[in-house]
Amino acid sequence: MNSPFEHPEKEALMLARARSAVLNSGDWMSAPQISEAAGFSPTNPSIQPGKWKRAGAIFAIRHNGVDYYPSFGLDPSNGYRPLKSLSAVVEVLGRIKDGWGMAYWFQSVNSYLGGKRPQDLLATAPERVLAAAVEEVQEIAHG
């Protein structure tokens, strides 16, 4: 059986398609979009989302020099602040994944979650999403 790494052009194409799917999902907001939704000062809209990212309250993907934050990780009923449950998941997944890796994980159907995507359950069943993240890290750690 061929390994996908034996064909770097196929791997690059798959990665480009995956990134495109994430970016085109409509689930991502730039710092100016978050700042506008949250009512922050438009003078420097990246300040607060950047603080959240550095504190581990949220993660971002970087595309063409711009950070994009997951809208599913923000709570509209709390002024578009990060969901409290997201930081624990970011802490766990951050051990093995960068922002793009987390984006793929959140947007992929997860068998541990009964075929649901983690992003769809983060606000309503955060303990299940955290358990799935722990399972993901353990699975990778144990091969």
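Treat the numbers as computed from the prediction; the structure is a model and nothing was measured.

The rules behind the values
- Residues numbered from 1 in each chain as written.
- Predicted model: local features only at pLDDT ≥ 70, side-chain atom pairs only at ≥ 80, totals over all residues.
- Heavy atoms only, no water.
- Helix = DSSP H or I, 4+ residues; strand = E, 2+ residues; numbered from the N terminus.
- Buried < 20%, exposed > 50% of the residue type's maximum accessible area, 1.4 Å probe, protein only.
- Lys, Arg positive; Asp, Glu negative; His and termini not counted.
- Salt bridge = Lys/Arg side-chain N within 4 Å of Asp/Glu carboxyl O.
- Polar contact = N/O pair within 3.5 Å; in protein donor to acceptor, adjacent residues only side chain to side chain.
- Contact = heavy atoms within 4.5 Å.
- Pairing = 2+ DSSP bridges.
- Axes fitted to C-alpha atoms, helices over the stretch in contact; angles between N-to-C directions.

## Here we look at the side chain of aspartate 27
- Mapping aspartate 27 onto the fold places it in the loop between helix H1 (8-23) and strand S1 (28-30).
- For the buried aspartate 27, no salt bridge is present, and the opposite-charge side chain at shortest range is arginine 117, 4.5 Å distant.
- A distance of 3.1 Å separates polar atoms of two side chains, one belonging to aspartate 27 and the other to glutamine 119.
- Excluding anything up to four places from it in sequence, aspartate 27 contacts Tyr69, Pro70, Ser71, Phe72, Gln107 and Gln119.

## Side note on the sheet that holds strand S2 (residues 61-63)
- What the three strands build is an open sheet, ordered S1-S3-S2; its pairing is antiparallel. Whereas interior strands pair on both sides, the edge strands pair on one side only; in this sheet they are S1 and S2. Each strand of the sheet is rotated relative to its neighbour by a mean of 40°, with strand direction disregarded.
- Summarising the sheet, S1 and strand S3 (residues 66-70) pair through three bridges and their orientation is antiparallel. For tryptophan 28, the partnering residue across the bridge sits in S3 and is proline 70.
- Each of S1 and S2 is contacted by helix H5 (residues 99-107), which is oriented at about 110° to S2, the strand it contacts most.

## Regarding the pattern of salt bridges
- All chains considered together, the criterion is met by four salt bridges.
- Across the pair aspartate 67 and arginine 62 runs a salt bridge whose closest N-O atoms are separated by 2.8 Å.
- You can call arginine 62 partly exposed: its relative accessible area is 47%.
- Between aspartate 120 and arginine 117 there is a salt bridge; the shortest N-O distance is 2.9 Å.
- By relative accessible area, which is 26% here, arginine 117 ends up partly exposed.

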